[in-house]
Amino acid sequence: FLERTSANLASNVIQLAILCPSFSIARNVLHEQGILLDVKTVQRLCRKFGHGAMTNRGEISFDSETLNLKDITVLICMDGGRLRQRKRKQGRKPDSLKRQGYHTDWVEPKLLTIQFLDRKGKLCKKISPLYDATLGNIENFYDLLFLYLQQLDLKNADRIVFCADGAPCLWKRIPDLMDKLNIAQWYEALDYTHAKQNLYQIAEMIPRSLAHHQQEVFEYWKELLWCGEFDELRSTIEELFRSPKKRQQALKKFDNYFAGNKDRMRYSLFKDQNLPTGSGAVESAIRRGINLRIKGAGIFWTAEMAEVM
């Protein structure tokens, strides 16, 4: 027994707390099972065992002795979500209020997924993927990623691929991370869906006189993007916009996002080599792990409890 709780009961309580929309609903389900616990007890068990799980991050994640990465592509996806953090207001409580009150600022939890693909680029079902997140800063996030990757025999992996959106803070720290892991070669792929979305933002700037050709132009630009024809794409954008102001805005968008990431946008080459071109795994993790459970309407988390969950 731990914390006056059997392992079986703790497992049941924590799974319901995660799967149900709220702690109150988890308590109601437990009551239907004949387990009479209040909400605070459910929260206490989540906090207690959550801290224990975080202490053992990395060590219990992979069976490194039996995990063979030969002919396996290790795919690491990264992205950020959103949740409301509950912060107690500072200062003296007003006499007119019963409680001190709190702020509910938006914060960005950073998520990572580690998946394993075979030579054909298909998900290897024999090896379970890993999902985790943290409310810490970007340095804490990369410390967490390092904690997991050092448990893997990456030198025997066929290929290592990082996939994310265009956030510079995610990309610029990868070389230092791989240097710490003594890995010399890896691939970086900017998520194709994010690239298309940013390209469409340029297409929306097209002059009104050409608005009826917008979709046609966008399809042509997508083809150039897929084939890595960035010089042709830029010259087409420059020729299309007659207004100096609009042209400057469009080219600035292109130079800031596409020119600096063109080595991460070799999509046709990635496809030919059976390398991933999208970060759908982490997008799905954000939806299921953050949006459907953590980011509910009227739900506010302390930093400690959000990290535990």
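Note that the coordinates shown come from a computational prediction; the quantities given were computed from them, not determined experimentally.

Chemist: Now, about the sheet that holds strand S4 (residues 110-117): what can you tell me, with residues and values included?
Modeler: Ordered by their spatial adjacency, 5 strands build an open sheet running S5-S4-S1-S6-S7, and the pairing between neighbours is mixed. The outermost strands of the open sheet, each flanked by one partner alone, are strand S5 (130-134) and strand S7 (187-190). Neighbour to neighbour, the strand axes of the sheet diverge by 20 degrees on average, direction disregarded. Pairing geometry for strand S1 (residues 73-80) and S4, over 8 bridges, is antiparallel. Bridge pairing in S4 places Cys77 opposite Thr113. Running over the sheet, helix H4 (residues 138-149) touches S1, S4, S5 and strand S6 (159-164) and is turned about 25 degrees from S4.

Chemist: Report on the side chain of Arg293, specifying residues and quantitative values.
Modeler: Relative to the helices and strands, Arg293 resides in the loop between helix H12 (280-291) and helix H13 (303-308). There is no salt bridge for the buried Arg293, and the closest opposite charge comes from Asp38, which lies 14 Å off by N-O distance. At a separation of 2.9 Å, a polar atom in the side chain of Arg293 contacts the main-chain carbonyl oxygen of Ala17. A polar contact of 2.8 Å, which involves the side chain of Arg293, links it to the backbone oxygen of Cys20. When sequence neighbours within four positions are dropped, the list of residues in contact with Arg293 reads Ala17, Ile18, Cys20, Pro21, Ser22, Phe23, Arg288, Ile299, Trp301 and Met309.

About the criteria used
- Numbers given for residues are sequential positions, taken from 1 along each chain in its written order.
- Since the coordinates come from a predicted model, pLDDT governs what is reported: local features require at least 70, and pairs of side-chain atoms require 80 or more to be given and counted, while whole-chain, interface and lining totals use all residues.
- Excluded from the side-chain calculation are hydrogens and water; included are all heavy atoms of the structure.
- The pairing criterion is simple: DSSP has to find at least two bridges between the two strands.
- The helix count covers DSSP runs of H or I at least four residues long, the strand count covers runs of E at least two residues long, and both are numbered beginning at the N terminus.
- The axes used here are C-alpha line fits, helices contributing only the stretch in contact, and every angle between their N-to-C directions lies in the interval 0 to 180 degrees.
- Contacts between residues were defined by any pair of non-hydrogen atoms, one from each residue, lying within 4.5 Å.
- With a 1.4 Å probe rolled over the protein chains alone, any residue whose accessible area is under 20% of its type maximum counts as buried; one over 50% counts as exposed, and the rest are partly exposed.
- Residues scored as positive are Lys and Arg, those scored as negative are Asp and Glu, and His as well as the terminal groups of each chain are ignored.
- For this analysis, a salt bridge means a side-chain nitrogen from Lys or Arg found within 4 Å of a carboxyl oxygen belonging to Asp or Glu.
- In the analysis that follows, any N or O atom pair within 3.5 Å is treated as a polar contact, provided that within protein one partner can donate a hydrogen and the other can accept it, and provided that, for residues neighboring in sequence, both atoms belong to side chains.

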